[in-house]
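# Fold and contact review
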Amino acid sequence: MDNNEFRRPEDNSKEWKLIEKALMASQQEQRTARRWGIFFKLLTFSYLFVIAAIIYGGASKGGDGGAGFAVGPHAAVVEVRGAISAEEDASADRIIGAMRDAFDNDEALGLILRINSPGGSPVQSGYVFDEIVRLKSTRPDFPVYAVVMDIGASGAYYIAAAADEIYADKASLVGSIGVVGSGFGFVEAMDKLGVERRLYTSGEHKAFLDPFSPQRQEEKEFWEGVLDTTHKQFISQVKLGRGDRLSDHPDLFSGLVWTGEQAVELGLVDGLASSSQVARDLLGTDELVNYTVRKDPFVEFMERFGASFGKGVASFFSTQVMTMR
């Protein structure tokens, strides 16, 4: 008689459990293989897309500023967008490079600075202001107009003041001619927590802005003097650019902002108009060419791809961990 007939029920149960485990492991391996297959297909597709981006970027005639494809009379546009800083798109280097391209193009009828910025570095803004003044002296018949979109405040208005004329929308925010330096003080909080601050310097006032040290009156007055000097420089440049068009309103240089409609009355802007209106009415053309310096298409793609790729890999492996528990 076959020995299988004498197997105990628990023996059959163990065999089924082993078979079940083997089937589940096989299914898990198949799912993992499919996921890895999808992953590597996406990776291959991304690689081909990068190659295409390189080819497209190299073949593009527009370059960074877009002037390469400009044909015929047109209005040159340079955007001042976002925070004005050496590390941002609205850096002095990028803005100045684009403006120089516009001034060098004989088919450009004039320059429109399209501004949508809350301001930023007074140093970067000052660089741009000075360069506008210099460029205007090299080509006196080349008008420069500033057009404020949503906001043209602080350092952005500093730049606009160098233009021949400034325009805005009736609801734009304009002004904020002031300087700010801010921080926090954590001395009392540290005392309550029983935290001791240990700070070593080689100069009496080297750490005068340290938020964990008590504020000293003479250092506060010194810092306010620095801000006041910077404010006076700002005011001087605005007056240089705007001249007698400015009103004598007592709060003009107080740091307040006004709507475009109010700014016209205060002499901060010359009228209400958009970029296309300025190009059509003042430069006599409907053609606008954007000279704004852009990031290299490949670099920009790789930055975005890197971020997306990282998220994809993290998501993929987290899925694997969850399904393999």
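Our structure is the block above this text.
Below or above, wherever it landed, is the structure these notes cover. Keep in mind that this is a model prediction, so the values were computed, not measured. (Residues numbered from 1 in each chain as written. Predicted model: local features only at pLDDT ≥ 70, side-chain atom pairs only at ≥ 80, totals over all residues. Heavy atoms only, no water.)

### What to know about a negative patch on the surface
Test applied: Patch membership needs two things, relative accessible area over 30% and no salt bridge, and members are linked within 9 Å if like-charged or within 5 Å if nonpolar (Val, Leu, Ile, Met, Phe, Trp, Tyr). Calculation of accessible area relied on Shrake-Rupley with a 1.4 Å probe; when residues are assessed, cover is drawn exclusively from the protein chains displayed. When a carboxyl oxygen of Asp or Glu lies within 4 Å of a side-chain nitrogen of Lys or Arg, that pair is called a salt bridge. In this charge count, Lys and Arg are treated as positive and Asp and Glu as negative; neither His nor the chain ends contribute. Every charge is mapped onto a representative atom, which is NZ of Lys, CZ of Arg, CG of Asp or CD of Glu. In this text, helices come from DSSP runs of H or I with a minimum length of four residues, and strands from runs of E with a minimum of two, each type numbered from the N-terminal end.
Residues Asp101, Asp104, Asp106 and Glu107 make up a contiguous surface patch of negative charge. Its place among the elements puts Asp106 in the loop between α2 (92-104) and β2 (108-117).

### Notes on the side chain of Ser91
The criterion, for reference: Here a residue-residue contact requires only that any non-hydrogen atoms of the pair lie within 4.5 Å.
Here Ser91 shows up in the loop between β1 (74-81) and α2. Sequence-distant contacts of Ser91, defined by excluding residues within four places in its chain, comprise Ser85, Ala86 and Gln124.

### Details of the layout of surface pockets
Operational definition: Whether a set of points on the 1 Å grid over the protein atoms alone is a cavity depends on a 1.4 Å probe fitting there but being unable to get out, while an open set qualifies as a pocket with protein on both sides within 12 Å along at least five of seven lines; lining residues are those with an atom within 4 Å of a point. Grid points are joined across faces, edges and corners, and a volume is the space filled by probe spheres set on the points. Residue polarity follows a fixed list, in which Ala, Val, Leu, Ile, Met, Phe, Trp, Tyr, Cys and Pro are nonpolar, Asp, Glu, Lys and Arg are charged, and the others, Gly among them, are polar.
Quantified by volume, the largest pocket comes out at close to 410 Å³. Among the elements that line the lining of the largest pocket, the one with the most residues is helix α6 (residues 217-242), at 4 residues. A per-class count over the lining of the largest pocket returns 8 nonpolar, 6 polar and 5 charged.

### A look at the pattern of salt bridges
For the record, the criterion: For the exposure calls, accessible area comes from a 1.4 Å probe over protein chains only, and a residue counts as buried if that area is under 20% of its type's maximum, exposed if over 50%, partly exposed in between.
Enumeration according to the criterion identifies 10 salt bridges in this entry. In this structure, Arg245 and Asp270 form a salt bridge, with 3.3 Å as the shortest nitrogen-oxygen distance. Of this pair, Arg245 sits in the loop between α6 and β6 (257-259) while Asp270 is found in the loop between α7 (260-266) and β7 (271-272), placing the two residues 25 residues apart along the sequence. A residue is classified by how much of its surface remains accessible, and Asp270, at 27% relative accessible area, is partly exposed. Within the structure, one salt-bridge network assembled from shared partners comprises Glu79, Arg81 and Arg114.

### A few points about a nonpolar patch on the surface
Where nonpolar side chains cluster on the molecular surface, the patch consists of Trp16, Ile19 and Leu23 and spans about 360 Å² of accessible area. For Ile19, the position within the fold is in helix α1 (residues 9-59). Among the residues examined, Ile19 registers a relative accessible area of 42% and is labelled partly exposed.

### Considerations on empty space enclosed by the protein
Under the definition given, this model contains 1 cavity of 30 Å³ or more. Looking at the largest cavity, its volume works out to about 50 Å³. As for the largest cavity, its lining consists of Glu79, Arg81, Asp89, Ala90, Arg94, Thr292 and Val293. Taken together, the residues of the lining of the largest cavity sort by class into 2 nonpolar, 1 polar and 4 charged.

### Details of the nonpolar core
Quick note on the threshold: Residues belong to one nonpolar core when they are buried, are Ala, Val, Leu, Ile, Met, Phe, Trp, Tyr or Cys, and are joined through side-chain atoms within 4.5 Å.
Membership of the largest hydrophobic core comes to 49 residues, with the highest contact counts inside it found for Met99, Leu111, Leu113, Tyr157 and Leu268. Apart from residues lying up to four places away in sequence, Leu111 is in contact with Ala76, Val78, Met99, Ala102, Phe103, Phe142, Pro143, Val144 and Tyr145. Grouped together as the second largest cluster of nonpolar side chains are 10 residues, Ala75, Ile112, Tyr145 and Val278 included.

### Quick notes on the pairing of β1
The condition is simple: Strand pairing is defined by DSSP finding a minimum of two bridges between the two strands. A clockwise course of the path from the first strand over the helix to the second, judged with the strands pointing away from the viewer, identifies a crossover as right-handed.
The buried fraction of β1 is high, at 7 of 8 residues. Sheet topology places β1 next to β2; 8 bridges connect them, and they run parallel. Along β2, the bridge assignment pairs Ala76 with Leu111. In this fold, the crossover linking β1 to β2 by way of α2 has right-handed handedness. Where β1 and strand β8 (residues 288-290) come together, 3 bridges link them in parallel fashion.

### Some points on α6
Heads up, the rule is: Expected helix span is computed as 1.5 Å times (number of residues minus one).
With 26 residues, α6 should cover 38 Å at 1.5 Å per step; its first-to-last C-alpha distance of 37 Å lies within 8% of that length. All buried positions along α6 are accounted for by Glu219, Leu227, Thr230, His231, Phe234, Ile235, Gln237, Val238 and Arg242. Turning to α6, the residues buried within the fold contact α3 (122-138), α4 (155-160) and β4 (165-168).

### Overview of the packing of aromatic side chains
The condition that has to hold: Side-chain rings of Phe, Tyr and Trp, where Trp is taken by its six-membered ring, are said to pair if the distance between their centres is within 6.5 Å; with planes under 30 degrees apart they count as stacked, over 60 as edge-to-face, and otherwise as tilted.
With the rule as written, the count across this model stands at 4 aromatic pairs. Taken together, a centroid distance of 5.6 Å and an interplanar angle of 65 degrees make the contact between Phe129 and Tyr158 edge-to-face. Of this pair, Phe129 sits in helix α3 while Tyr158 sits in helix α4, and the two are 29 residues apart along the sequence. Just as Phe129 is buried, Tyr158 falls in that class too. Each member of the aromatic cluster is reached from another via a ring pair, and the members are Phe129, Tyr158 and Phe234.

Interpretation in functional terms is not warranted from these geometric data alone.
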